[in-house]
Amino acid sequence: MSPLALDGPAVDGSLYTWITGLARRAPAWLDGPLGDWSGYGLALFALLMTAAWWRARAAADPARTAMALAAPLVVVVAFLADTAVKSVFREQRPCRTLHTVTLEACPPPGDWSFPSNHAAIAAATAAALWMTDRRLAAIAVPAALLMAFSRVWVGAHYPHDVVLGLAVGAVIGGLLTRRARRAAPLVRRLDGTALRLLVTSR
């Protein structure tokens, strides 16, 4: 463990064990969907970004289209930043430190816990959509919060892991998406080229 690493059990280990204890006692109709969401829910965020691009090009709004096209890159940057923080802190997964029984198999050593990549990706997508398409953001924001919660529920992360992951994703997603508006002139130029179908439905 890195000297910079948080002492996970001291921060919120008791909350983690309480939540994972609830998960162990919960009925299958609750554990199943939450487990599936934790494992596969990121696919919804990819679909939402695709829908945001499709709706932006139909609206013929260059700034909105620029932000929608930039959203996947914004999410990748948020993921890389989150992973960089992981490499500095190198906090062991709580299922290894606390030796609790969890719904999800404990990741191998070296797959660090702090912060959560899933939460960062979900929050970056939600932030990008908040600035691009509020209707889709109304789906993405609660979905991101549910993703963060589900990662604790299945035992993959401490609560502080997902909170910081959400913060990293939201900050980077918001800042970079705002900057992507500056690419509106490029979108206008593309409208007159063979790549116009990327930026307009006309």
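See the structure above.
The numbers attached to residues start from 1 for each chain and follow its sequence in the written order. Residues qualify for local features only when their pLDDT is at least 70, as the model is predicted, and side-chain atom pairs are given and counted only at 80 or more; totals for whole chains, interfaces and linings, by contrast, use all residues. To obtain the side-chain values, all non-hydrogen atoms of the structure were used and water was disregarded.

Caption draft 1: Region of interest: the overall build of the protein chain. Along its length, the protein chain carries nine helices and zero strands. In DSSP terms, a helix is any run of H or I states spanning at least four residues, a strand is any run of E spanning at least two, and both are numbered starting from the N terminus. In the protein chain, the succession of helices and strands from N to C terminus is α-α-α-α-α-α-α-α-α. Burial classification: accessible surface area is computed with a 1.4 Å probe over protein chains only, and a residue below 20% of its type maximum counts as buried, one above 50% as exposed, and the rest as partly exposed. For the protein chain, the residues scored as buried account for 47% of the 202 residues in total. If you take every contact in the protein chain between residues at least 6 apart in sequence, the share linking residues at least 24 apart comes to 79%. For the protein chain, the exposed surface amounts to about 10,000 Å²; the carbon and sulfur share of it is 68%. Contacts were defined at the residue level, with two residues in contact if any of their heavy atoms lie within 4.5 Å. Here, Shrake-Rupley sampling with a 1.4 Å probe gives the accessible areas, and only protein chains in the shown set may cover a residue.

Caption draft 2: Structural context of the packing of aromatic side chains. When the centres of two rings from Phe, Tyr and Trp lie within 6.5 Å, Trp using its six-membered ring, the rings pair. Their planes under 30 degrees apart give stacked, over 60 give edge-to-face, and anything left gives tilted. Counted under the stated rule, the structure contains five aromatic pairs. The interplanar angle of 55° and the centroid separation of 5.5 Å between the aromatic rings of Tyr16 and Tyr158 together place this pair among those described as tilted. Of this pair, Tyr16 sits in helix 1 (residues 8-25) while Tyr158 sits in the loop between helix 7 (134-153) and helix 8 (159-180), and the two are 142 residues apart along the sequence. For the pair Tyr16 and Tyr158, a shared accessibility class is recorded, and that class is buried. When the centroid spacing of 5.7 Å and the interplanar angle of 70° are considered together, the rings of Trp53 and Trp54 count as edge-to-face. The class of Trp54 is exposed, set by a relative accessible area of 52%. In this arrangement the basic side chain of Arg57 is found over the ring face of Trp54, its NZ or CZ atom lying 4.6 Å from the centre. Only lysine NZ and arginine CZ atoms are considered, and such an atom sits over a ring when it is within 6 Å of the ring centre and within 35 degrees of the ring normal.

Caption draft 3: Up close: helix 4 (residues 62-89). Spanning 28 residues, helix 4 covers 40 Å between terminal C-alpha atoms, matching the ideal 40 Å at 1.5 Å per step. Bend, at a single residue, is the angle you get between axes fitted to the 7 residues ending at that residue and the 7 residues starting at it. Ala71 marks the point of greatest bend in helix 4, at about 45°, and the proline Pro72 comes within the next four residues. Contacts described as polar in this section are N or O atom pairs within 3.5 Å, which, within protein, must combine one atom able to donate a hydrogen with one able to accept it, while residues neighboring in sequence count only if both atoms come from side chains. A distance of 3.2 Å separates the backbone nitrogen of Ala63 from a side-chain oxygen at the start of helix 4, and that oxygen is part of Asp61. Directly after helix 4, the chain includes Arg90, whose backbone phi takes a positive value near 50°. Expected helix span is computed as 1.5 Å times (number of residues minus one).

Caption draft 4: Examining a nonpolar patch on the surface more closely. Put simply, a patch holds well-exposed residues, over 30% relative accessible area, that have no salt bridge, with like charges counted together within 9 Å and Val, Leu, Ile, Met, Phe, Trp or Tyr side chains within 5 Å. Salt bridge, as used here, is a side-chain nitrogen of Lys or Arg placed within 4 Å of a carboxyl oxygen of Asp or Glu. A contiguous nonpolar patch, built from Leu73, Val76, Val77, Phe79 and Leu80 and spanning about 430 Å² of accessible area, is present on the exposed surface. Of note, Leu73 is situated in helix 4. Overall, the relative accessible area of 59% leaves Leu73 in the exposed class.

Caption draft 5: Representation of the pattern of salt bridges. Under the defined criterion, the tally for this structure stands at four salt bridges. The closest approach of N and O atoms between Arg64 and Asp133, which form a salt bridge, is 3.0 Å. With Arg64 in helix 4 and Asp133 in the loop between helix 6 (117-132) and helix 7, the pair connects residues that are 69 residues apart, well separated along the chain. Judged by relative accessible area, which is 18%, Arg64 ranks as buried.

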